[in-house]
Amino acid sequence: MENNRSRQKILSTASLVSAIGNAILAVAKIVIGLVSGSLSVLGDGIDSATDVLISIVMVATSRIINRPPDKKYVFGYEKAESIATKLLSFVIFYAGVQMLIVSIQNIFSSEVRELPGIWAIYVTLFSIVGKLSLAWYQFRMGKKIDSSLLRANAVNMRNDVIISVGVLLGLAFTFIFNLPILDVITGLLISIYIIKSAITIFMESNVELMDSVKDENVYKKIFEAVDSVHGASNAHRVRSRQIGGMYMIDLDIEVDGTITLNEAHDIAEQVEKNIYQSIENVYDINIHVEPKGHCMDNEKFGLHKEMM
């Protein structure tokens with residue numbers, strides 16, 4: 001319970017830092033983008049503004065997942081983090097599509113564009129330094145507490161760094177070649193990158209929501225843990241899922257049907273101990289003990305050794 005409270009505190013603090021940092025960068029880039037007439041800087045600022053919204057969602061999520069289990073949600077509220085990550089991907093996708101539309105409209109516009117002001121370069125340099133710091137902090141905290149939400153936000157901010165570098169290069173070439181259209185083309189390329197990132201985050205958030213695992217080697221370790229215990233055999237209906245970065249593992253094993261209940265319990269307990277030793281971040285293990293020969297061939301869910 002103490003570890004859970006600590007995890008939520010880190011998630012909440014990291015989200016607040018993200019909100020404040022992105023708010024400062026968003027205001028700076030939107031104002032300078034409008035004043036300097038740079039579409040790419042303005043788009044970069046809008047992207048940072050969506051990050052502020054994302055951070056607010058993260059703060060709200062950290063409060064939700066801190067709730068204890070109840071009669072309706074007996075497994076707790078940890079999956080709210082994955083749902084928020086899914087929502088985050090939609091917000092990023094929307095921002096990317098909006099920027100793509102604006103960029104295409106400007107490319108085919110007959111309006112004569114002027115060169116952006118020099119302040120566009122200065123604010124972009126400021127953005128690169130700020131986003132690098134925020135991305136590093138979010139990734140470090142996400143890795144520390146195994147948070148998909150913080151890692152997704154770190155990826156989003158890493159993308160923002162790449163976006164700002166692209167904006168900087170686009171501005172540089174715009175001034176060098178005296179071609180304002182290059183600023184618009186840079187905005188178009190950035191929008192495509194944002195959309196790609198959103199799709200990646202969307203797919204990664206499916207892992208927890210679909211009761212899957214990120215590392216399929218978990219199953220290999222489970223079978224090895226069973227095989228190393230004398231008296232335990234034929235691990236089947238092996239299932240593993242992740243909730244809040246923690247593994248929930250269920251499996252059936254077979255033992256000699258003539259041994260006592262205490263002996264069967266000791267075997268199952270040793271299997272459980274082996275799994276805890278071989279797999280990190282295991283929250284709960286449920287082992288069902290059956291007499292040898294009881295395994296059914298038509299079991300719908302879970303894995304058996306032959307499937308590995």
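A brief structural summary. (Residues numbered from 1 in each chain as written. Predicted model: local features only at pLDDT ≥ 70, side-chain atom pairs only at ≥ 80, totals over all residues. Heavy atoms only, no water.)

This part covers helix H8 (residues 217-227). Owing to its 3.6 residues per turn, the α-helix aligns residues three or four sequence positions apart on the same side. Of all the positions in H8, only Val218, Tyr219, Ile222, Phe223, Ala225 and Val226 are classed as buried. Within H8, the buried residues cover an arc of 155 degrees as seen down the axis, which keeps them to one side. Elements that come into contact with the buried residues of H8 comprise strand S1 (233-243), strand S2 (246-255) and helix H9 (261-278). (Buried < 20%, exposed > 50% of the residue type's maximum accessible area, 1.4 Å probe, protein only. Helix = DSSP H or I, 4+ residues; strand = E, 2+ residues; numbered from the N terminus. Arc of directions from axis to C-beta. Contact = heavy atoms within 4.5 Å.)

With that settled, the discussion passes to unusual backbone geometry. In this model, Arg237 sits at a positive phi of 50 degrees, which is unusual for a non-glycine residue. Checked against the element boundaries, Arg237 lands in strand S1.

Under the counting rule described, the total for this entry stands at 2 aromatic pairs. Summarising the aromatic geometry, the rings of Phe90 and Phe202 are spaced 5.6 Å apart at their centres and angled 70 degrees between planes, so their arrangement reads as edge-to-face. Of this pair, Phe90 sits in helix H3 (residues 80-107) while Phe202 sits in helix H6 (residues 181-204), and the two are 112 residues apart along the sequence. Under the relative-accessibility criterion, Phe90 is labelled partly exposed at 47%. Above the ring of Phe202, the side-chain terminus of Lys86 is found at 3.8 Å from the ring centroid. When the ring centre of Phe75 is taken as reference, the NZ or CZ atom of Arg241 above it lies at 4.5 Å. (Phe/Tyr/Trp six-rings, centres within 6.5 Å; stacked < 30°, edge-to-face > 60°. Lys NZ or Arg CZ within 6 Å of the ring centre and 35° of its normal.)

This part is about the pattern of salt bridges. The tally for this structure, following the rule as stated, stands at 1 salt bridge. Between Arg237 and Asp252 there is a salt bridge, with the nearest N and O atoms lying 3.0 Å from each other. Of this pair, Arg237 sits in strand S1 while Asp252 is found in strand S2, placing the two residues 15 residues apart along the sequence. Residue Arg237 is classed as partly exposed on the basis of its relative accessible area of 30%. Assessed through its relative accessible area of 1%, Asp252 is described here as buried. (Salt bridge = Lys/Arg side-chain N within 4 Å of Asp/Glu carboxyl O.)

When you line up the elements, Phe223 lands in helix H8. Look at Phe223 and you get buried, because its relative accessible area is 4%. The spacing of Phe223 and Leu303 is 80 residues in sequence and 9.9 Å in space, taken between C-alpha atoms.

Where helix H5 (residues 148-177) contacts H6, the axes come no closer than 9 Å and their chain directions differ by 165 degrees. In terms of axis orientation, H5 runs roughly antiparallel to H6. Considering only the axes of H5 and H6, their crossing is right-handed. Between H5 and H6, the contacting residues are Ala152, Arg158, Asn159, Ile162, Ile163, Gly166, Val167, Gly170, Leu171, Phe173, Thr174 and Phe177 on the first element and Leu182, Asp183, Thr186, Ile190, Tyr193, Ile194, Ser197 and Ile201 on the second. For the contact of H5 with H6, the class distribution of residues is 12 nonpolar, 6 polar and 2 charged. (Axes fitted to C-alpha atoms, helices over the stretch in contact; angles between N-to-C directions. Parallel < 35°, antiparallel > 145°, perpendicular 65-115°, else oblique. Left-handed = near helix turned anticlockwise from the far one by under 90°. Nonpolar A, V, L, I, M, F, W, Y, C, P; charged D, E, K, R; others polar.)

These figures come from the coordinates and say nothing about function on their own.
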